[in-house]
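Coordinate inspection notes
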Amino acid sequence: MENNKRAVEVAVVVFLLRGKKVLLGRRRSSVGHSTFSLPGGHLEFGESFEECASRELKEETGLDIKQMELLTVKNHLFLEEPEPAHYVTIFMSAVLANPEQVPQNLEPHRCDGWDWYGWDNLPKPLFRPLEKMVQAGFNPFPTA
Ligand code: 8DG
Ligand code: MG
Ligand code: MG
């Protein structure tokens, strides 16, 4: 395969849950440009999934999170992008450490802004990996 010299990347992304809503932002990054995606980013050397989730949330939204839980892992190939990419993405859930905190758009070159969306009323278009999960019936909210 042409791409066999490229590295697989690892990302950690977060379903930040508030009531029946999740936090999403419209991407400005080249991969998935203009689609709505979860906060998160690349796992750095030496980090736990929880540390990466907290750091990315802080960097991208200014929010502090708690109760991080591993929900699922997906293998996704972005072959239609100008630069093909291959990600193993760790999907976590979390809640706000301080329910009064409001998301800020701290990386405006990468995101148009953050907002809360009801799970039954998600914005379109969703980032492809997220859309695939929704289509498959995935739900990040606790069932109990
Ligand atoms: P960093 O420099 O802060 O580490 O990277 P980033 O700019 O925050 O990376 P990102 O694109 O937000 O996330 C890394 C990759 O994670 C992304 O290119 C593909 C994968 N990914 C998914 N689903 C999602 C998702 O819903 N949101 C985000 N942000 N990334 C996702 O597979
Ligand atoms: Mg990031
Ligand atoms: Mg990101």
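Owing to the predicted nature of the structure, the values given are computational and were not obtained by experimental measurement.

**Looking at the coordination of the magnesium ion (ligand 3)**
- Looking at the magnesium ion (ligand 3), one finds its protein donor set to be Gly-40 (O) and Glu-60 (OE), positioned 2.1 Å from the metal centre.
- Taken as an interatomic distance, the gap from the magnesium ion (ligand 3) to the magnesium ion (ligand 2) is 3.3 Å; Glu-60 donates to each of them. Of this pair, Gly-40 sits in strand 4 (residues 40-42) while Glu-60 sits in helix 1 (residues 49-61), placing them 20 residues apart in sequence. We note that Gly-40, like Glu-60, is buried.

**Details of the site of ligand 1**
- The immediate surroundings of ligand 1 are formed by 17 residues, with Arg-27, Leu-38, His-42, Glu-60 and Thr-89 found nearest.
- Leu-38 has a polar backbone atom sitting 2.8 Å from a nitrogen atom of ligand 1.
- One nitrogen or oxygen atom from the main chain of Gly-40 is found 3.0 Å from an oxygen atom belonging to ligand 1.
- Protein chains shield 89% of the accessible area of ligand 1, which is 600 Å² for the free molecule.
- Taking a 2 Å distance to the grid points as the criterion, the majority of the atoms of ligand 1 fall inside the largest pocket.
- Going through the elements one at a time, strand 1 (9-18), strand 4, helix 1 and strand 6 (85-96) are the ones with two or more residues in the shell around ligand 1.
- Within the shell around ligand 1, the residues separate by chemical class into eight nonpolar, five polar and four charged.

Cut-offs and rules
Residues numbered from 1 in each chain as written. Chains lettered and ligands numbered in written order. Predicted model: local features only at pLDDT ≥ 70, side-chain atom pairs only at ≥ 80, totals over all residues. Heavy atoms only, no water. Donors = N, O, S within 2.8 Å, 3.2 Å for Na, K, Ca; no water. Helix = DSSP H or I, 4+ residues; strand = E, 2+ residues; numbered from the N terminus. Buried < 20%, exposed > 50% of the residue type's maximum accessible area, 1.4 Å probe, protein only. Near = heavy atom within 4 Å. Polar contact = N/O pair within 3.5 Å; in protein donor to acceptor, adjacent residues only side chain to side chain. Areas by Shrake-Rupley, 256 points an atom, 1.4 Å probe, with all protein chains shown as cover. 1 Å grid on protein atoms, 1.4 Å probe; cavity = no way out; pocket = protein on both sides within 12 Å on 5 of 7 lines; lining within 4 Å. Sits in = over half its atoms within 2 Å of the grid points. Nonpolar A, V, L, I, M, F, W, Y, C, P; charged D, E, K, R; others polar.

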